[in-house]
Amino acid sequence: MKRMFKKAIIKRVMKKRKASQNFDEVKSELHQLPIDADETINNSYYYASHDLEGNAFIMRLGQRGGEQPISEIWFGFVSKEGRAYMNSQLIYPLDESPVKTECIEPLRRWTFSFKGKVVPVEAGEDKIAIKCGEEIEAEFEGEFTSDYGLFEFSRDTHINAYSTAIAAQKWHKGFSEELKKNHQTRIEQAGHAKCTLKVDDKEYSMDAPALRDQAYGRRIWSYMDHYSWLVGNLEDGRAFNTVLVLYPTINVVGLKTGYITCGKEYVNLLDVDYPKHFITAGKAPLKGNAQAAFSDKSKAEIEFETKIIFPYQFNDNEGGFNVYEGITTYTFNGLKGAGIAEFSYNTDKKRYENF
């Protein structure tokens, strides 16, 4: 009864907040890392694309400020023949970043590129990518286009998801301030990517559905407890996204968010049921399933199997966070799909093992 009462309060607050929001999509598209940003401020760009033949890439540029500004780099590419490459260095000085991206037309067109060193990799134990060759130079460039709008998580996540997550928590002194302090703006956009990778005297091209993501605001990697993310594109042209995130302030049931596209619109995720061991194992599951429900009353059985996982680890003064970025095949109510299965864990297992 107490939780229901808290949930009703949160719903009223959220409805008022959403009604007063005026999220400027064009301004968001043009957002840059503030000149006075410290090392806790993140401005990151992420792209991923997959086709049903087995070609796939992921790429992230995370910009951070401070006395010595840095860029956090992810790059992974898998060809349909099974060849795979990933970046050999995670952190660069900001002005030496091998990843570049630029907004050419807000909401419609972005360019992206990677020019730097990669290593050939293959799936090792638990499908984690391991080095299988010497470091080599690579050039990758492409263009992302879209006629979808933006899915902005603060604005577009279903009110019921926020109210359920927050009502489950104990409202201690300073709880609201901590939520605000660790807030980020995060947008996603479904679209299409055309790109080419030149590496090892070979050239690979892709022309496939894609996802673009931008997040900016305060991000301390070790603050997060856990993150589960199943996202992909289906053979019928739709895109889907299901997320569960756990923070110290939202760790009882977690915040669940996402969507399924219908036409050019995003239909809200209402709930996703991830098996408990996805969260408590501390390492990425290689296959499994989850059930999802959406606001148009549709439901989905999502099954996945991961081919290779690109691992990225971040450490700071408070601890560390392991990110496992899996290149994955899907079935979604029987439809074929491809995408990412990302499972991330705090290096302190006590933060999530008793979820």
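Our subject is the structure listed above.
No experiment lies behind these values; they were computed from the predicted model shown. (Residues numbered from 1 in each chain as written. Predicted model: local features only at pLDDT ≥ 70, side-chain atom pairs only at ≥ 80, totals over all residues. Heavy atoms only, no water.)

1. Let's talk about the nonpolar core
In terms of nonpolar packing, the biggest core is built from 40 residues, with Phe310 and Tyr312 touching the most fellow members. The leading source of residues in this core is strand E18 (residues 299–316), at four residues. Tyr312 has contacts with Ile58, Ile73, Trp74, Phe75, Gly76, Met86, Asn87, Leu90, Phe321, Asn322 and Val323, leaving out every residue within four places of it along the chain. (Core = buried A, V, L, I, M, F, W, Y, C linked by side-chain atoms within 4.5 Å. Buried < 20%, exposed > 50% of the residue type's maximum accessible area, 1.4 Å probe, protein only. Helix = DSSP H or I, 4+ residues; strand = E, 2+ residues; numbered from the N terminus. Contact = heavy atoms within 4.5 Å.)

2. Considering the sheet that holds strand E19 (residues 319–332)
In spatial order, the strands read E13-E14-E15-E16-E17-E18-E19-E20; together these eight strands close into a barrel with antiparallel pairing. Strand-to-strand twist in this sheet, taken as the mean axis angle between neighbours without regard to direction, amounts to 30 degrees. (Pairing = 2+ DSSP bridges. Axes fitted to C-alpha atoms, helices over the stretch in contact; angles between N-to-C directions.)

3. Observations concerning empty space enclosed by the protein
Applying the stated criterion across every chain, the model contains one cavity of 30 Å³ or more. By volume, the largest cavity is sized at about 110 Å³. Only strand E1 (41–50), strand E11 (184–199), strand E12 (202–218), strand E13 (226–234), strand E14 (239–247) and strand E20 (335–346) provide two or more residues apiece to the lining of the largest cavity. Taken together, the residues of the lining of the largest cavity sort by class into 11 nonpolar, five polar and no charged. (1 Å grid on protein atoms, 1.4 Å probe; cavity = no way out; pocket = protein on both sides within 12 Å on 5 of 7 lines; lining within 4 Å. Points joined across faces, edges and corners; volume = space filled by probe spheres on them. Nonpolar A, V, L, I, M, F, W, Y, C, P; charged D, E, K, R; others polar.)

4. Details of unusual backbone geometry
We note that Asp201 has phi near 60 degrees; this positive angle belongs to a residue other than glycine. Locating Asp201 in the fold gives a position in the loop between E11 and E12. Taking relative accessible area as the criterion, Asp201 reaches 85% and is therefore assigned exposed. You will see that Lys297, though not glycine, has its phi angle at about 75 degrees, which is positive. Examined against the element boundaries, Lys297 turns out to sit in the loop between strand E17 (287–294) and E18. Since its relative accessible area comes to 79%, Lys297 is described here as exposed.

5. Brief notes about the packing of aromatic side chains
The final tally for this structure, using the stated rule, is 31 aromatic pairs. An angle of 55 degrees between the planes, with centres 5.4 Å apart, marks the rings of Tyr345 and Tyr352 as tilted. Since its relative accessible area comes to 0%, Tyr345 is described here as buried. Put simply, the rings of Tyr47, Phe57, Phe75, Phe77, Phe112, Phe114, Phe140, Phe144 and Tyr204 pair up and form one aromatic cluster. Seen from the ring of Phe153, Arg186 lies directly overhead, with NZ or CZ sitting 4.4 Å from the centre. Directly above the ring of Trp229 sits Arg186, whose terminal nitrogen or CZ lies 5.4 Å from the centroid. (Phe/Tyr/Trp six-rings, centres within 6.5 Å; stacked < 30°, edge-to-face > 60°. Lys NZ or Arg CZ within 6 Å of the ring centre and 35° of its normal.)

6. What to know about helix H4 (residues 159–167)
The buried fraction of H4 amounts to seven of the nine residues, a majority that puts the element mostly inside the structure. Every buried residue of H4 is listed here: Ile159, Ala161, Tyr162, Ser163, Ala165, Ile166 and Ala167.

7. Topic: the pattern of salt bridges
Scanning the model with the defined rule gives 16 salt bridges in all. Glu72 is the partner of Arg64 in a salt bridge, and the nearest nitrogen-oxygen pair spans 2.7 Å. Neither Arg64 nor Glu72 differs from the other in exposure class; each is buried. Of the charged contacts, one joins Arg109 and Glu143 as a salt bridge, the two residues approaching to 2.4 Å between their closest N and O atoms. (Salt bridge = Lys/Arg side-chain N within 4 Å of Asp/Glu carboxyl O.)

8. Describing the environment of Asp36
With respect to the helices and strands, Asp36 occurs in the loop between helix H2 (25–29) and E1. On the accessibility criterion, Asp36 (69% relative accessible area) is exposed. Counting along the chain gives 34 residues from Asp36 to Ile70, while the straight-line C-alpha distance between them is 14 Å.

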